[in-house]
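Close look at the chain arrangement
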Protein chains: 4
Amino acid sequence: MYWRKKLYIIIFGTNTKAGKLFDLALLWVIIASVLLVMMESVAGLETDHGRLFHDLEWGFTILFSIEYLLRIYSHPKPLTYVFSFWGLIDLLSILPAYLSLVLAGTHFLTVIRILRLARVFRILKLGRYFSESQTLGKALYASSYKITVFLVAVLLVVITLGSVMYVVEGGNNGFSSIPQSIYWAIITITTVGYGDIVPVTALGKFFASLIMIIGYAIIAVPTGIITAEITKAQMGKPACPHCGKELPDGAIAFCPWCGEPVKKA
Amino acid sequence: MYWRKKLYIIIFGTNTKAGKLFDLALLWVIIASVLLVMMESVAGLETDHGRLFHDLEWGFTILFSIEYLLRIYSHPKPLTYVFSFWGLIDLLSILPAYLSLVLAGTHFLTVIRILRLARVFRILKLGRYFSESQTLGKALYASSYKITVFLVAVLLVVITLGSVMYVVEGGNNGFSSIPQSIYWAIITITTVGYGDIVPVTALGKFFASLIMIIGYAIIAVPTGIITAEITKAQMGKPACPHCGKELPDGAIAFCPWCGEPVKKA
Amino acid sequence: MYWRKKLYIIIFGTNTKAGKLFDLALLWVIIASVLLVMMESVAGLETDHGRLFHDLEWGFTILFSIEYLLRIYSHPKPLTYVFSFWGLIDLLSILPAYLSLVLAGTHFLTVIRILRLARVFRILKLGRYFSESQTLGKALYASSYKITVFLVAVLLVVITLGSVMYVVEGGNNGFSSIPQSIYWAIITITTVGYGDIVPVTALGKFFASLIMIIGYAIIAVPTGIITAEITKAQMGKPACPHCGKELPDGAIAFCPWCGEPVKKA
Amino acid sequence: MYWRKKLYIIIFGTNTKAGKLFDLALLWVIIASVLLVMMESVAGLETDHGRLFHDLEWGFTILFSIEYLLRIYSHPKPLTYVFSFWGLIDLLSILPAYLSLVLAGTHFLTVIRILRLARVFRILKLGRYFSESQTLGKALYASSYKITVFLVAVLLVVITLGSVMYVVEGGNNGFSSIPQSIYWAIITITTVGYGDIVPVTALGKFFASLIMIIGYAIIAVPTGIITAEITKAQMGKPACPHCGKELPDGAIAFCPWCGEPVKKA
């Protein structure tokens, strides 16, 4: 019982010297294991050092598996940890390696463990970087409703325009089906523009131009949403937690915009 | 007469249980019918299940036709509904299917019924999503004048630059006509960049570079316009309905910027 | 002398009925002549209606030439008009047609007359569109210094990175010279990405990734500049004409930021 | 000793007439030498004027070498200059030429001397351009923490998505290794979209669409960050040097957001 508590402080905590060392070591082991998987995927290196790569990767997998078991063992509420966001990421970091015994090729998905770095950064609390990432996170969270509305609108537009292009190009020139045409519409409206599918008929080019100009104008919308949030976050003015609008100065008990009760700091 | 009123409340209303159920059912039927049309357009699936797809699609078309007729029948002012924005969308959702009896291939345009989802979302009133979409809508509406001015300016620039490139590249390398060169200029200035038409001469590359850098700078304009509107909408400050400029605090009867009378809430 | 004055009021003025009619007629003649030049450039139409196109184009050219001469004749200070911005555009609208007698193909450049539409729009004073375009114009003018600094910085970055890529790719894979590599760097940093020139070596791809991520971050700079200006313009707050910073409320005689004298409206 | 001081005033200073002349001469010599290197890289010009280019380039190299030595000689603290930012740029401007005696092709890297122009601009103090570039610089510096957090997040996302695409596309269609797939993910998320690597499987296209839409939404983040900074810089309101948040009006000794001591100007 005593060891479990001590382990918990080292593995999950960051205030002790041992806890900090553990996190730093984890940081480097994760980076090393990700680099290894990347090198494995390069054909030239794989044929030369395949044996070594294979052994090293299993070494890392066993190491991360032990760490995962220790995290479950030491956590006061094991199930809470297992089903938490970071607990699932930890599981996803080792699962693909075991899965590769059944399904070849899936072990490359262990690269997902790179996401564990985000927690390590969070834990190391790199001063101002940490607070800035919180400001950014809050701004993104605050704009998540508007971004969702925007993405649904883009989806409806893209499905409609993709289908129209499918009919206009008559199923030729790469517009071989409606899902394919929707894929093209997404490539175009996001201004990525691979050029693997391209309109050939005059009418198709005319519609494509319309889509591009629409995309040009609406790319401004998410930018506007997030900019407004960041500006607000930076001004340090209080905002209503219900409707997100700025609260007026002075002591108030209810938001003047939506009528919900507010408590000002 | 009694049934007509009851039908109206179910079909157009959303406050009764039956009205909500109807909208939810409609939501899923629309999604199912759109997925069906998408699957029909995939060559492999069509050859295997063509018969089934054909029957199902006519089933959906008849269903939506009945719904359309009921909407006209139950509405207190049928013509107002028929020529309203949503009435036209409803008509466009069934028309292509009947048109396909005359003109093959057009039935794929029934995908347009995906736009009906926008109304269903509006009707279901998904709490905060609804109010956020209204904020976005207002900001876009408020900036529509500026966006129009911007798009006209882009059009003039694109026509001029496209023609210059047609002369510079001498009608070769894909710049086969002025409309084609304008199409290229739109692809370039919106930063889509398919790469299907590309300048080959040194002078052409120089002009193309200029257009890209211009596009780089002016993509900022619609963003600036919409950001300013969203920021204003979020600040909750009153704005003049005539010139769009922010009104000063205090009780005023006329906008200090354009002199038009204003009523503050 | 009397006729000269009357002509001036009709051609340059917009307050009389005749002046408005003249501008409206000009609007449609310009659009017709531009459409004609576009149709001329399409190979299929040219072979069929070449003779007709040729005659019509000379008709338009003579019409615009007469208008140009009348403008010079009726203007109180002819030279001021000839060397003004719009005077030069007017000249450029007819010059290419006469030039085509010596240099074949240049008559397509008469499309430049599309820019004359900008003046016509300005003259027709389309209510709110006009005032919005002025707001936009002011915001762009106010940010012109910052945009220039930004473009010079982009130019230095693009020249440096283009040269580095030329050395890295060893003059192969389309990076055949430094100007060509700079052209590639512009395509990449503006996120146009045609794909006609693409790095092939591993080191080249690494550098290209860096350039893309740099471009991703700095595309935000012009947007930020213009957004800040538009926001300021819309707030209707007074700004110092010397340093562009916002002036505090109250009666002041000197800008508190740069010390230059200011006069508040 | 007297000459050293005089040299210092001419080379590093800008207030004397000789100092200004020196900087102006330097400006043109740098531009000429960069144009020379560019012309050298063009195959056609090189074969015709190779001898001349070679001689001229060594002339410029010797000139810049003498200038560099004089800068070291005249500076009161030579080592401080050598290891300063501009001192290193000055060294990098001549080093590649000497390196080319050992490693062929590297002399093209002397183009780096174009960066020296940035200092010359700084020195010439072009009035408002100078102050605007300082405003921009401050805004970028103030947002450097947030931009770093954002770039690290993008890096983690790009590594994860690139690996997933490698597994999805099964190492075919150009997704030949994880680093290559990451390169593709960067091309896609930055909306550059060359089209040299493109998903072919249906699942791959679905994931690619997701990445594009994610890229579409998050391109808004750096824009929002920088816009907020520029807006703040332009408003001329004081900000806490520790947390970057806006300070309230009135005489205060501590930042009300982070508690650090502040001194208001």
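The numbering scheme is per chain: residues are counted from 1 as the chain's sequence reads. Starting at A for chains and at 1 for ligands, labels are handed out in the order in which the entities are written. Confidence filtering applies because this is a predicted model: local features only for residues at pLDDT of at least 70, side-chain atom pairs given and counted only at 80 or more, and all residues used for totals across whole chains, interfaces and linings. As a rule here, side-chain values cover all heavy atoms of the structure and leave hydrogens and water aside.

Each copy of the sequence occupies a distinct position, and chain C is placed on chain B by a rotation of 90° and an axial shift of 0.0 Å, giving an RMSD of 0.1 Å. Considering both components of the superposition, the chain copies are consistent with a four-fold axis. Here, two residues are considered to be in contact whenever any of their heavy atoms come within 4.5 Å of each other. Looking at chain C, a mere 12% of its interface residues are interface residues in chain B too, so the copies touch through different faces. Here the copies are superposed with least squares, the fitted atoms being C-alpha atoms of residues at a pLDDT of at least 70 in both.

In screw terms, the move from chain D to chain A is a rotation of 90° and a rise of 0.0 Å along the axis, fitting with an RMSD of 0.0 Å. The fraction of interface residues of chain D whose copies in chain A are also interface residues is only 12%, indicating that the copies meet through different surfaces.

All names here are of chain A. To define axes, lines are fitted to C-alpha atoms, for helices over the stretch in contact only, and angles between the resulting N-to-C directions are given on a 0 to 180 degree scale. Secondary structure counts use DSSP, requiring at least four H or I residues in a row for a helix and at least two E residues in a row for a strand, with both numbered from the N terminus. Axis separation between helix α1 (residues 2-11) and helix α2 (residues 17-41) bottoms out at 7 Å; the angle between their running directions is 55°. The orientation of α1 relative to α2 falls into the category oblique. Seen from α1, the contacting residues are Ile9, Ile10 and Ile11; seen from α2, they are Ala18, Gly19, Phe22 and Asp23. Three residue categories are used. Nonpolar comprises Ala, Val, Leu, Ile, Met, Phe, Trp, Tyr, Cys and Pro, charged comprises Asp, Glu, Lys and Arg, and polar comprises the others, including Gly. In the contact of α1 with α2, the residues fall into five nonpolar, one polar and one charged. The scheme is simple: roughly parallel for angles under 35 degrees, roughly antiparallel for over 145, roughly perpendicular for 65 to 115, oblique for anything else.

Another point: the interface of chain D and chain A. Between chain D and chain A, the contact holds 51 residues from the first and 48 residues from the second. Buried area: the sum, over both parts, of the accessible surface (1.4 Å probe) that disappears when the two are put together. Buried area between chain D and chain A, both sides added, is near 4,400 Å², and the carbon and sulfur share of it is 73%. Under the rule applied, a polar contact is a pair of N or O atoms within 3.5 Å (in protein, one hydrogen donor and one hydrogen acceptor; residues adjacent in sequence only if both atoms are side-chain atoms). Counting the contacts that link chain D with chain A gives four residue pairs in polar contact (both at pLDDT 80 or more). Counting residues per element, the ones that place at least two in the side of chain D that touches chain A are α8 (144-168), α9 (178-189), α10 (202-218) and α11 (220-235) of chain D. Considering each element in turn, the side of chain D that touches chain A owes the most residues, twelve residues, to α8 of chain D.

In this fold, Thr61 of chain A is placed in helix α3 (residues 43-74). Dropping the residues within four chain positions of it, Thr61 of chain A is found in contact with Ile94, Ala97, Tyr98 and Arg113 of chain A.

Attention now moves to helix α5 (residues 85-99) of chain D. All names here are of chain D. The span expected for a helix works out to 1.5 Å for each residue beyond the first. The end-to-end C-alpha distance of α5 is 21 Å, a good match for the 21 Å that 15 residues give at a rise of 1.5 Å each. Bend, in this description, refers to the angle at a residue between axes fitted to the seven residues ending there and the seven starting there. Largest kink in α5: about 25°, centred on Ser93, with the proline Pro96 one to four residues after it. Type-normalised accessible area, obtained with a 1.4 Å probe on protein chains alone, sets the label of each residue: buried when under 20%, exposed when over 50%, and partly exposed for intermediate values. Among the residues of α5, those classed as buried are Trp86, Gly87, Ile89, Asp90, Ser93, Ile94, Pro96 and Ala97.

Attention shifts here to the interface of chain C and chain B. Taken together, the contact between chain C and chain B spans 48 residues of the former and 51 residues of the latter. Each salt bridge in this description consists of a side-chain nitrogen of Lys or Arg and a carboxyl oxygen of Asp or Glu lying within 4 Å of one another. The interface formed by chain C and chain B includes zero salt bridges. Across the contact surface, chain C and chain B share four residue pairs in polar contact (both at pLDDT 80 or more). Among the elements of the structure, α2 (17-41), α6 (116-124), α7 (128-142), α8 (144-168), α9 (178-189), α10 (202-218) and α11 (220-235) of chain C are those that each provide at least two residues to the side of chain C that touches chain B. Residue contributions to the side of chain C that touches chain B peak at nine residues, all from α11 of chain C. Here the residues of the side of chain C that touches chain B are counted per class, giving 31 nonpolar, 14 polar and three charged.

Within this scheme a cavity is a closed region of a 1 Å grid, computed over the protein atoms alone, that accommodates a 1.4 Å probe without allowing it to escape, whereas a pocket is open but has protein on both sides within 12 Å along at least five of seven lines; lining residues each have an atom within 4 Å of a point. Grid points are joined across faces, edges and corners, and a volume is the space filled by probe spheres set on the points. The final tally for this structure, using the stated rule, is six cavities of 30 Å³ or more. Reported here for the largest cavity is a volume of approximately 170 Å³. For the largest cavity, the lining is made up of 15 residues, of which Ile219 of chain A, Ile219 of chain B, Ile219 and Thr223 of chain C together with Ile219 of chain D are closest to its centre. Grouping the constituent residues of the lining of the largest cavity by class yields four nonpolar, eleven polar and no charged.

With that settled, consider the domain arrangement of chain A. As far as domains go, chain A holds domain 1 (2-124) and domain 2 (137-234). When each unit is reduced to the centre of its C-alpha atoms, the spacing between domain 1 of chain A and domain 2 of chain A is 37 Å. Note that the domain bounds were set by an automatic or database domain assignment.

Let us look at the environment of Ile112 of chain B. Mapped onto the elements of the fold, Ile112 of chain B is located in the loop between α5 (85-99) and α6 (116-124). For the pair formed by Ile112 of chain B and Gly170 of chain B, sequence separation is 58 residues and the distance between their alpha carbons is 41 Å. Leave out the neighbours within four places in its chain, and Ile112 of chain B touches Thr160 of chain A together with Leu92 and Ser93 of chain B.

Residues and elements named next belong to chain A. The predicted model of chain A averages 82 in pLDDT, with 84% of residues at 70 or higher. pLDDT runs from 0 to 100 and stands for how confident the predictor is about each residue. Mean pLDDT across the secondary structure elements of chain A bottoms out at helix α6 (residues 116-124), with 71, and peaks at helix α9 (residues 178-189), with 92. Interface confidence for the predicted complex, given as ipTM, is 0.82, next to a pTM of 0.85.

Before going further, it helps to examine a nonpolar patch on the surface. On the surface, Ile62, Ile66, Leu70, Tyr73, Tyr98, Leu99, Leu101, Val102 and Leu103 of chain A cluster together into a nonpolar patch covering about 900 Å² of accessible area. Residue assignment for the nonpolar patch shows that the elements contributing at least two residues are α3 and α5 (85-99) of chain A. Nonpolar side chains (Val, Leu, Ile, Met, Phe, Trp, Tyr) are joined into patches within 5 Å and like charges within 9 Å, using only residues with over 30% relative accessible area and no salt bridge. To measure how exposed things are, a 1.4 Å probe is used in the Shrake-Rupley method; for residues, cover is taken only from the protein chains shown.

Turning to the side chain of Lys205 of chain D, a few remarks are in order. Along the chain, Lys205 of chain D falls in helix α10. We note that Lys205 of chain D is buried and unpaired, the nearest opposite charge coming from Asp196 of chain A at a distance of 5.8 Å. Once residues lying within four places of it in the same chain are set aside, the contact partners of Lys205 of chain D are Gln180 and Tyr183 of chain A together with Pro199 and Val200 of chain D. Think of it this way: Lys and Arg go in the positive column, Asp and Glu in the negative one, and His and the chain ends go nowhere.

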